[in-house]
Amino acid sequence: MPPRQSTDASRGKAAVSDVYSSMRAAILEGEIAPGTRINIDAVARSLGVSQTPVREVLQRLEGDNLVVYSPGRGYSTTPLLGLAELRSLFEFRLLVEPWAARSAAVDRLANPAAALGKELAGFRETMAATGDLRQDLVAHDTRFHDTILAASGNPVVRHAFAQTHCHLHTFRLYPADVDGAITVAEHSAVRDAIEACLPEQAEAAMAEHIRNSFDRFAQAFEGHAELSPLEDGGPPRKRIIR
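Worth saying up front: this structure is predicted, and the values here are computed from it rather than measured. (Residues numbered from 1 in each chain as written. Predicted model: local features only at pLDDT ≥ 70, side-chain atom pairs only at ≥ 80, totals over all residues. Heavy atoms only, no water.)

(A) Region of the structure containing the nonpolar core. Counting 36 residues, the largest nonpolar core has L86, F90, I148, V190, I194 and F214 as the members making the most contacts within it. Counting only elements with at least two residues in this core, the list comes to α4 (83–106), α5 (113–129), α6 (134–151), α7 (155–165), α8 (181–195) and α9 (199–217). One finds V16, Y20, I27 and Y75 within the second-largest nonpolar core, a separate group that totals 19 residues. (Core = buried A, V, L, I, M, F, W, Y, C linked by side-chain atoms within 4.5 Å. Buried < 20%, exposed > 50% of the residue type's maximum accessible area, 1.4 Å probe, protein only. Helix = DSSP H or I, 4+ residues; strand = E, 2+ residues; numbered from the N terminus.)

Below you can see the structure in the form of structure tokens.
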């Protein structure tokens, strides 16, 4: 059978996909710094495409929370979170993710331990082969937590996590866990408790991981007078930082 000729529509989709991959990588790898205004014409010329796929991609990246749109100013990459915003994000995670780990450990039929073990094994291989793990570590962390949230069976919670977790990409320049060993150890503790169907231990291991993760990310604000550890439990404070 002779190959089908590509249509304008298929070429357009390929262009959007390529532009999306290129722009997303540039943001996540720091080529475009947080808070940088994006010149659509310049991006189109640098990638050899028209402005149309660039505009479409920017809308997708806005949905990923990697860019923001301001009337009169256009698109810019999402600014680096402030300390109050970082704490709010982790307080949300501390409310949701220990519950998700507990739920995953209770449901033997939907138990995600095998998938979590495969993810950990794959990342250990990456650790052994790669020097700069910053992006790989964030990608592994995203997949690991998403697997647990998916097992909880609550799509609303899973979507909320996806919308918030991408903000942590902007902290990749402050890698407290440079080689990933600390994260892998904490993830392994969560996975082991889920595999053993021990809900209390799974919940506690996830809560400990979330608190420790906050401490690592918060090193970007080292020396801040109001920096304090994440609260152990209970509802978030109404006023986080003045």
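Having seen the structure, we can now continue with the description.
(B) Geometry of the pairing of strand β2 (residues 74–77). In terms of strand pairing, strand β1 (residues 67–70) meets β2 through four bridges, oriented antiparallel. Counted as the bridge partner of V67 is T77 from β2. Hairpin remark: β1 followed by β2, antiparallel, with three residues in the connecting loop; positive phi at G72, about 85°. (Pairing = 2+ DSSP bridges.)

(C) View of the packing of α8 against α9. At a closest axis distance of 8 Å, the pairing of α8 and α9 adopts a crossing angle of 165°. Our classification of the angle between α8 and α9 gives roughly antiparallel. Considering the relative orientation of α8 and α9, their crossing is left-handed. Along its contact with α8, which presents I182, T183, E186, H187, A189, V190, A193 and I194, the element α9 presents Q201, A202, A205, M206, H209, N212, S213 and R216. Class assignment for the residues of the contact of α8 with α9 results in eight nonpolar, six polar and two charged. (Axes fitted to C-alpha atoms, helices over the stretch in contact; angles between N-to-C directions. Parallel < 35°, antiparallel > 145°, perpendicular 65-115°, else oblique. Left-handed = near helix turned anticlockwise from the far one by under 90°. Contact = heavy atoms within 4.5 Å. Nonpolar A, V, L, I, M, F, W, Y, C, P; charged D, E, K, R; others polar.)

(D) Molecular detail of the pattern of salt bridges. Under the defined criterion, the tally for this structure stands at 10 salt bridges. Between R216 and E186 there is a salt bridge; the shortest N-O distance is 2.9 Å. Placement of R216 in helix α9 and of E186 in helix α8 is noted, with a sequence separation of 30 residues between them. The pair formed by R216 and E186 is uniform in burial state, with each residue classed as buried. The network of salt bridges with common partners includes R102, E200 and E203. (Salt bridge = Lys/Arg side-chain N within 4 Å of Asp/Glu carboxyl O.)

(E) Representation of the packing of helix α2 (residues 40–47) against helix α3 (residues 51–63) in the model. Contact pair α2 / α3: the axes reach a minimum separation of 9 Å and the direction vectors enclose 115°. Considering how the two elements wind past one another, α2 and α3 form a crossing that is right-handed. Across the interface between the two elements, I40, D41, V43 and A44 from α2 touch Q51, V54, R55 and L58 from α3. Split by residue class, the contact of α2 with α3 holds five nonpolar, one polar and two charged.

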